[in-house]
Amino acid sequence: MSNNRYELNKNLAQMLKGGVIMDVTTPEQARIAEEAGACAVMALERIPADIRAAGGVSRMSDPKMIKGIQDAVSIPVMAKCRIGHFAEAQILQAIEIDYIDESEVLSPADDKYHIDKTGFDVPFVCGAKDLGEALRRINEGASMIRTKGEPGTGDIIQAVRHMRSMQSEIRRIGSLSEDELFDTAKSLAVPYDLLKYVHDHKKLPVVNFAAGGVATPADAALMMQLGAEGVFVGSGIFKSGDPAKRASAIVKAVTNYTDAALLAELSEDLGEAMVGINEQEIDLLMAERGK
Amino acid sequence: MQIAVLALQGAFIEHENMLSKLGVSSIEIRQKKDLKKDFDGLIIPGGESTVQGQLLKELDLLSPLKDLIVNGMPVFGTCAGLLLLADRIDNDTRSYLQTMDIIATRNAYGRQLGSFYIESEFEGIGTIPMTFIRAPFIKKVYGGASPLATVDGHIVAARHGKQLVTAFHPELNNSLSVHEYFCNMVNGSDY
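Here we summarise the structure given alongside this text. Please read all numbers here as calculations on a predicted model, not as lab measurements.

All names here are of chain B. Along the polypeptide, K66 turns up in helix α3 (residues 62-70). Using a relative accessible area of 29% as the deciding quantity, one classes K66 as partly exposed. When the C-alpha atoms of K66 and Q2 are compared, they prove to be 19 Å apart, with 64 residues separating the residues in sequence. Those residues within four positions of K66 in sequence are excluded, and the remaining contacts are L97, Q98 and T99.

Written out as structure tokens, the structure is:
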């Protein structure tokens, strides 16, 4: 144990476990999220559903807008930078953001290299579709992983696919013999040490959340039962009829994700869920950005 | 001995792992009906105090837990757990169990860039690792509470009867000593 930022940054992710991280675009939404029991908020100018609808290049949010949200709440505040855009990440670090999401929701700035996150003091969370992507991001310095899902759709299918793929690969790695790990590291394009960790511990070396398409308490419970350690909800809350009530219901669903009777109660009278679009109906697959 | 760990949100599994290394079994409290299980002590883990506090209220756990603690159930709170037990939080209008004679300062070291690790003295144990994550500290102890550890002039651990709190996270490091200290409080071998 040393006073190293990476350990401390992984530790902060551990404190977020069992919690819900909510996308917010204004200080008022941030306060609603905190009141409803969000364990952190993601400060964004536009939520993914609107980014998707608006099209065009989407970038890091205005630091002033992010600071407004930092002032409004006492819980950790996260913000997104574009994949590979280390200058945006430097700016977010300068305003003392609690976590940077190097996110496929924004337009990628680099189609080959992700940010070298080991050079930063603030923590990073990155999206991953499978174990290989997750371990590559961790090797670059990510201290938390989330599924990519398909942001802004309200469709859970991709998050489920990514979480199932990750969990099934973790089980497979756990069953390999030691000498098989070398070749598997090569074929997954990941460092041997990280693969060995997965083999020995039967889990990722960092906290793993679900993200992308969570819209209901049932969606959140599904992801938790599939092995997520917490949930990001993007468009699902503030694109719905009664954000405060839905947010609070999703928070409780994450805590008691195996209690179906309670989940039934929580799912009652939530008003309209976000409309959503099916994955076949969209042209832009954000999950395909950054591998 | 069986210890209940409040498992609403945060790093509760880490506490369960520490207890299991000490050979102590644990159960999780996620809702009111879990209080019917048998337990001799309670751990309130790190996480976000606003989340755990809100869930305590909405799941009707706040007053039953408060009654248990007031009636002598040993309790150990780390970080957010410290805030939930504090009589008052000086920079937050929210208050929760309010069973301990301490005034706490929330996010006392600032945002994540202020998080740190140090090795420091803990009364009755010696030098131990201490990890502070967006941590609070104790601004003041009074009445039945007394300090157990101080870092940079701020109280970071305290005890009030059978209540123990740390602003840092013993569950994140390898030393089992603080959990052992708590288990001794529970089985009464500290007196």
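This is not the end of the story, as more comes after the structure.
The subject of this paragraph is helix α6 (residues 131-139) of chain A. Residues and elements named next belong to chain A. Most of α6 is tucked away, with 7 of its 9 residues classed as buried. Two or three places before G132, at the start of α6, stands the capping residue D130, its side-chain oxygen 3.3 Å from that residue's backbone nitrogen. Note on α6: the residue one or two positions beyond its end, G141, has a positive phi of about 115°.

On to helix α5 (residues 177-187) of chain B. Residues and elements named next belong to chain B. Taken across its 11 residues, α5 has 8 buried, putting it largely inside the fold. If you check which residues of α5 are buried, you get S177, V178, H179, Y181, F182, C183, M185 and V186. Positioned one or two residues after α5, G188 has a phi angle of 80°, which is positive.

This part takes up the side chain of S248 of chain A. Its place among the elements puts S248 of chain A in helix α12 (residues 243-255). Taking the relative accessible area as the measure of exposure, S248 of chain A reaches 12% and is therefore buried. At a separation of 3.3 Å, a polar atom in the side chain of S248 of chain A contacts the side chain of E58 of chain B. Discounting residues that sit within four places of it in the chain, S248 of chain A has contacts with A36 of chain A together with E58 of chain B.

Moving on: the nonpolar core. Residues M223 of chain A together with F122 of chain B are the most contacted members of the largest nonpolar core, which totals 132 residues. Ranked by residue count, the leading element in this core is α5 of chain B, at 6 residues. In this structure, F122 of chain B is in contact with I128, L148, A149, A157, L164, T166, F168, V178 and Y181 of chain B, ignoring residues within four places of it in sequence.

The next thing to look at is the packing of aromatic side chains. Residue and element names in this part refer to chain A. Inspection of the entire model under this criterion finds 11 aromatic pairs over all chains. Ring geometry for F209 and F232: centres 5.7 Å apart, planes at 70°, overall edge-to-face. Here F209, found in strand β7 (residues 207-209), pairs with F232, found in strand β8 (residues 231-233); they are 23 residues apart in sequence, far enough to count as distant. For F232, a relative accessible area of 5% puts it in the buried group.

Moving on, we get to the layout of surface pockets. Here the largest pocket defines a volume of roughly 600 Å³. In terms of lining, the largest pocket is formed by 22 residues, of which the most central are Q14, Y197 and K203 of chain A together with E14 and L172 of chain B. For the lining of the largest pocket, the leading source of residues is helix α1 (residues 12-21) of chain B, giving 5 residues. Broken down by class, the residue content of the lining of the largest pocket amounts to 8 nonpolar, 6 polar and 8 charged. Space inside the second largest pocket adds up to approximately 210 Å³. Lining of the second largest pocket is provided by 15 residues; of these, M224, A228, E229 and Y257 of chain A together with I13 of chain B occupy positions nearest its centre. Every element with two or more residues in the lining of the second largest pocket is listed here: α12 of chain A together with α1 of chain B. Split into classes, the residues belonging to the lining of the second largest pocket amount to 8 nonpolar, 4 polar and 3 charged.

The next subject is the sheet that holds strand β6 (residues 144-147) of chain A. Residue and element names in this part refer to chain A. Read across the open sheet, the 8 strands follow the order β7-β6-β5-β4-β3-β2-β1-β8; overall the sheet is parallel. Where the open sheet ends on each side, the last strands, each with one partner, are β7 and β8. Looking at each pair of strands side by side, their axes are set apart by 30° on average, direction ignored. Examined bridge by bridge, strand β4 (residues 99-103) and strand β5 (residues 124-128) share 3 bridges and lie parallel to one another. Looking across to β5, one finds that D101 is bridged to V125. Its contacts with the sheet put helix α4 (residues 63-72) on β1 (20-24), β2 (40-43) and β3 (77-82), and the angle it makes with β2 is roughly 160°.

Conventions and cut-offs
Residues numbered from 1 in each chain as written. Chains lettered and ligands numbered in written order. Predicted model: local features only at pLDDT ≥ 70, side-chain atom pairs only at ≥ 80, totals over all residues. Heavy atoms only, no water. Helix = DSSP H or I, 4+ residues; strand = E, 2+ residues; numbered from the N terminus. Buried < 20%, exposed > 50% of the residue type's maximum accessible area, 1.4 Å probe, protein only. Contact = heavy atoms within 4.5 Å. Polar contact = N/O pair within 3.5 Å; in protein donor to acceptor, adjacent residues only side chain to side chain. Core = buried A, V, L, I, M, F, W, Y, C linked by side-chain atoms within 4.5 Å. Phe/Tyr/Trp six-rings, centres within 6.5 Å; stacked < 30°, edge-to-face > 60°. 1 Å grid on protein atoms, 1.4 Å probe; cavity = no way out; pocket = protein on both sides within 12 Å on 5 of 7 lines; lining within 4 Å. Points joined across faces, edges and corners; volume = space filled by probe spheres on them. Nonpolar A, V, L, I, M, F, W, Y, C, P; charged D, E, K, R; others polar. Pairing = 2+ DSSP bridges. Axes fitted to C-alpha atoms, helices over the stretch in contact; angles between N-to-C directions.

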